[in-house]
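Architecture at a glance
Now for the letters of each chain:
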Amino acid sequence: MGDVVDGGVRVVLGGTVNDGADRSASPPTDCEHPATSTDAAIRPAIRITAKASGPTRDRWPGAAAMLVRYRRFMHEHVVRATIASGTVEGFTRDGVNRWRSIPYARPPVGRLRLRAPQPVEAWPGVRYCHGFGSCAPQQRMYTILAPGKYQPMSEDCLTLNVVTPKRPADQPLPVMVFIHGGGYFMGSSATPIYDGAALARKGCVYVSVNYRLGALGCLDLSTLSNRDITIDDNLYLRDLVMALRWVRDNIAVFGGDPDNVTIFGESAGAHAVATLLAVPAANGLFAHVISESPAAGMVRSPEVAAEYATKFAALLGARKEDGAHAVMAARPAELVNAFDRLVRQGQREMLGAFAAGPTRGTDYLPLDPVEAMRDSKAHRVPLIVGTNAEEARLFGRFLKLLPMTQPMIERLLAEAEPGERERITAAYPGYPDPAACIQFGGDFAFGSAAWQIAEAHSRHAPTYLYRYDYAPRTLRWSGLGATHATELLAVFDVYRTKFGRLLTAAADRRSALRVSDEVQACWRAFSRTGVPGERWPAYTSADRAVMVFDRRPRVEYDPHADRRQAWEGFSLATG
């Protein structure tokens, strides 16, 4: 059969996989994650290969037959894109194109462990990007993708995923780059909720990114360097900048506009995107930022980072002067376990302080991000920042890391000035009642960061503050309510999935879809223009407007002034 040209995109009908291309990876196997529904848009530079159906394909021998059967039952056809490092092959299913686990840097293994990421090396032939590769080393329980199914882990994890709308657009599309959360010690871009299909369907190129976690990327071990071994600081920030450079250099091939990139993330991912505002090397790599529940207390001084590094070496059984050799020789699992012990040790010694996160006062991150925003030394791009109404409830149920009881809170405030302690606790009427303590924990970990970021960034750039209040009755009956990360159900359109229908079984489906549409409309408008819609006023010190997402969206003005003011100037990480 011949070639059909549609809008400049070459569609090849018929043929076999024996097309003469050199293969740089094995064809997909039954072990790979099944394709899920997304939308994808491609530009003329992408070659779409559509395999004709028919009984003859099952008679093709060997790997070719396996690949074609995979395409027949899992995909409508495959898609190829030629980027700077080579050709990548993704897939289409249900009108959606996507590429998974495209490398954006060289694997940080061997001598490259604990070093700044290096540009990806070109490959010959075609690289298959049908399934997810490995996530960063972490505890296995955090890698679950489905009941009984876990993602493999490896230091070779610096990859990203691309989803674009199928129908070619008349002009380049805005790009939305998502950075996952997980406290800087767990998480993966392969987590099903981060699918990104709903966002891409409605007109963007969606990218999700892996980065090094825990001791291999988010714990600053640079002070362990010696004459033979150099360890770089702020490795995960360097990873993310490298990924954004990849987007700048390659995203036009997928139909995206490299000059209109929005970075967004949740929790640690929200903290990461806010921190990138203060990273000089990130200048010009993004146009807008969305920070969903940024975490507080994650930035440390070089002195505190050095103390953590020394303690980490001790947990590996090494003195500081031997620490570099110890971390280079350790297996990834040993580093993961040692990091977990370091976190528990830190919780005992200074409640709330965390071992992982960026180090300020370095060449790569000269200033604390909030300080940089306040002093007009951060990138002055439009910003959305916000929190959920009941952030801490998730942690009371699962990860008991936050101060949410009177003994924990009193221990946290033990070093504070008496007036500061009274000011903070007075902002929570009924303290030490359980409800007041839970609200305290949420504000300590997330609300305080969002308020400080909004106050600082709004002085020099358009800033929009939100509060996400919506929760279906199933979440309220469970005691979670609008807790940490529940806004992701709206952002990623989860309420339209089977799982979402279960969550809204108690007559909440209509309201859940309405809230989802509202949030997504704001995020889409912001990614296109830097303004999240006419009904959402910018945050200024004059009125402190807050968009509240609930069954009926509304704008409130400085709704929790007492709580906001109580946390002004408080930072556990800096003492």
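Residues numbered from 1 in each chain as written. Predicted model: local features only at pLDDT ≥ 70, side-chain atom pairs only at ≥ 80, totals over all residues. Heavy atoms only, no water.

In this section: the overall build of the chain. Scanning the chain from N- to C-terminus turns up 17 helices and 18 strands. Considering only residue pairs separated by 6 or more positions, the chain has 76% of its internal contacts joining residues 24 or more positions apart. (Helix = DSSP H or I, 4+ residues; strand = E, 2+ residues; numbered from the N terminus. Contact = heavy atoms within 4.5 Å.)

For the rest of this paragraph, the subject is the pairing of strand E13 (residues 256-266). In terms of residue burial, E13 counts as a mostly covered element, since eight of its 11 residues are buried. Note that strand E11 (residues 173-179) and E13 share six bridges and pair parallel. Its bridge partner lying in E13, methionine 176 is registered against threonine 262. Relative to strand E14 (residues 288-292), E13 is paired through five bridges, and the arrangement is parallel. (Buried < 20%, exposed > 50% of the residue type's maximum accessible area, 1.4 Å probe, protein only. Pairing = 2+ DSSP bridges.)

Time to look at the pattern of salt bridges. The full count for this structure, using the stated rule, is 30 salt bridges. Across the pair arginine 98 and aspartate 195 runs a salt bridge, and its minimum N-O distance is 2.8 Å. With arginine 98 in strand E6 (residues 96-103) and aspartate 195 in the loop between E11 and helix H2 (197-201), this pair connects stretches of sequence that are 97 residues apart. Using a relative accessible area of 4% as the deciding quantity, one classes arginine 98 as buried. Notably, a salt bridge pairs aspartate 550 with arginine 554, separated by 4.0 Å at the nearest N-O pair. Judged by its relative accessible area of 32%, arginine 554 is partly exposed. (Salt bridge = Lys/Arg side-chain N within 4 Å of Asp/Glu carboxyl O.)

Bringing the packing of helix H5 (residues 302-315) against helix H7 (residues 332-349) into the picture now. Interhelical geometry of H5 versus H7 gives an angle of 125 degrees and a closest axis separation of 9 Å. One way to sum up the angle between H5 and H7 is to call them oblique. For the crossing formed where H5 meets H7, the hand is right-handed. Here H5 contributes Tyr308, Lys311, Phe312 and Leu315 to the contact with H7, which in turn contributes Leu335, Ala338, Phe339, Arg341, Leu342, Gln345 and Glu349. (Axes fitted to C-alpha atoms, helices over the stretch in contact; angles between N-to-C directions. Parallel < 35°, antiparallel > 145°, perpendicular 65-115°, else oblique. Left-handed = near helix turned anticlockwise from the far one by under 90°.)

Here the focus is the pairing of strand E17 (residues 545-549). Summarising burial for E17: five of the five residues are buried, a large majority. Residues Ala545, Met547 and Phe549 point to one face of E17 and Val546 and Val548 to the other, with burial holding for every one of them. Bridge count between E17 and strand E18 (residues 554-557): four bridges; the pairing is antiparallel. In the strand pairing of E18, valine 546 is matched with glutamate 556. What sits between E17 and E18 in their antiparallel hairpin is a turn of four residues.

Below, the discussion takes up the side chain of serine 134. Locating serine 134 in the fold gives a position in the loop between strand E7 (126-128) and strand E8 (144-146). If sequence neighbours within four positions are ignored, serine 134 has contacts with Gln151, Pro152, Met153, Ser154, Asp156, Cys157 and Asn210.

Our next topic: helix H4 (residues 268-276). Counting buried residues along H4, nine of its nine residues qualify, which places the element largely inside the surrounding structure. Residues of H4 that are buried: Ala268, Gly269, Ala270, His271, Ala272, Val273, Ala274, Thr275 and Leu276. Of the surrounding secondary structure, the elements contacted by the buried residues of H4 are E11, helix H3 (235-250), E13, E14, helix H8 (369-374) and helix H12 (434-457).

A few words on the packing of aromatic side chains. Applying the stated criterion across every chain, the model contains 27 aromatic pairs. Ring centres of tyrosine 142 and phenylalanine 185 lie 5.7 Å apart, and the angle between their planes is 70 degrees; on these two criteria the pair is classed as edge-to-face. Of this pair, tyrosine 142 sits in the loop between E7 and E8 while phenylalanine 185 is found in the loop between E11 and H2, placing the two residues 43 residues apart along the sequence. Plain terms: the ring middles of tyrosine 470 and tyrosine 495 are 6.2 Å apart, the flat faces sit at 85 degrees to each other, and that makes the pair edge-to-face. One end of the pair, tyrosine 470, is in the loop between strand E16 (463-468) and helix H13 (473-477); the other, tyrosine 495, is in the loop between helix H14 (487-491) and helix H15 (498-503), and 25 residues separate them in sequence. Exposure class is identical for tyrosine 470 and tyrosine 495. Each is buried. Taken together, the aromatic side chains of Tyr464, Tyr466, Trp523, Phe526, Trp536 and Phe549 make up a single cluster linked through ring pairs. Over the ring of tryptophan 123 we find arginine 127, and its NZ or CZ is 5.3 Å from the ring centre. (Phe/Tyr/Trp six-rings, centres within 6.5 Å; stacked < 30°, edge-to-face > 60°. Lys NZ or Arg CZ within 6 Å of the ring centre and 35° of its normal.)

Counting 119 residues, the largest nonpolar core has Phe254, Leu276 and Phe286 as the members making the most contacts within it. It is H12 that provides the largest number of residues to this core, a total of 12 residues. Tyr194, Tyr470, Leu503 and Phe526 belong to the second largest nonpolar core, which has 37 residues in total. (Core = buried A, V, L, I, M, F, W, Y, C linked by side-chain atoms within 4.5 Å.)

This part takes up the environment of serine 189. Inspection of the secondary structure assignment puts serine 189 in the loop between E11 and H2. Considered as a pair, serine 189 and asparagine 161 are 28 residues apart in the sequence and their alpha carbons are 7.8 Å apart. If we ignore the near neighbours within four places in the chain, the residues touching serine 189 are Asn161, His180, Tyr194, Ser208, Val209 and Asn210. Polar contacts involving the side chain of serine 189 include one to the side chain of asparagine 161, which spans 2.9 Å. Side chain to side chain, serine 189 and asparagine 210 meet in a polar contact 2.9 Å long. (Polar contact = N/O pair within 3.5 Å; in protein donor to acceptor, adjacent residues only side chain to side chain.)

Moving on to H5. Relative to the 20 Å expected for 14 residues at 1.5 Å per residue, H5 spans 20 Å between its end C-alpha atoms, a close match to the ideal helical length. Taken residue by residue, H5 has Ala305, Tyr308, Ala309, Phe312 and Ala313 as its buried positions. Seen along its axis, H5 keeps its buried residues to an arc of 140 degrees; they face one direction. Along H5, the residues that are exposed and aim more than 90 degrees away from the buried face are Glu303 and Ala314. Looking at the buried residues of H5, the elements they touch are helix H6 (323-329) and H7. At the exit of H5 stands glycine 317, carrying a positive phi of roughly 85 degrees. (Expected span 1.5 Å × (residues − 1). Arc of directions from axis to C-beta.)

Within the fold, tryptophan 536 resides in the loop between helix H16 (509-529) and E17. In the structure, tryptophan 536 is positioned 18 residues away from arginine 554 in sequence and 8.8 Å away in space, judged by C-alpha atoms. Setting aside residues no more than four positions away along its own chain, tryptophan 536 makes contact with Ile384, Tyr464, Leu465, Tyr466, Cys522, Trp523, Met547 and Phe549.

With that settled, the discussion passes to the packing of H3 against H4. Axis separation between H3 and H4 bottoms out at 11 Å; the angle between their running directions is 75 degrees. One way to sum up the angle between H3 and H4 is to call them roughly perpendicular. In this structure, H3 uses Tyr236, Leu237, Leu240, Val241 and Leu244 to contact H4, whose residues at the interface are His271, Ala272, Thr275 and Leu276. Among the residues making up the contact of H3 with H4, the classes are represented as seven nonpolar, two polar and no charged. (Nonpolar A, V, L, I, M, F, W, Y, C, P; charged D, E, K, R; others polar.)

This next bit is on empty space enclosed by the protein. It is the rolling of a water-molecule-sized probe over the atoms that shows where space remains empty. Evaluation of the coordinates by the stated rule reveals four cavities of 30 Å³ or more. Roughly 220 Å³ of internal volume is contained in the largest cavity. Residue assignment for the lining of the largest cavity shows that the elements contributing at least two residues are strand E15 (383-388), H12, E16 and helix H17 (561-566). Per-element accounting of the lining of the largest cavity gives the leading share, six residues, to H12. Grouping the amino acids of the lining of the largest cavity by side-chain chemistry returns eight nonpolar, seven polar and seven charged. In this structure, the second largest cavity spans a volume of roughly 90 Å³. (1 Å grid on protein atoms, 1.4 Å probe; cavity = no way out; pocket = protein on both sides within 12 Å on 5 of 7 lines; lining within 4 Å. Points joined across faces, edges and corners; volume = space filled by probe spheres on them.)

Everything listed here is a matter of geometry and, on its own, says nothing about what the molecule does.
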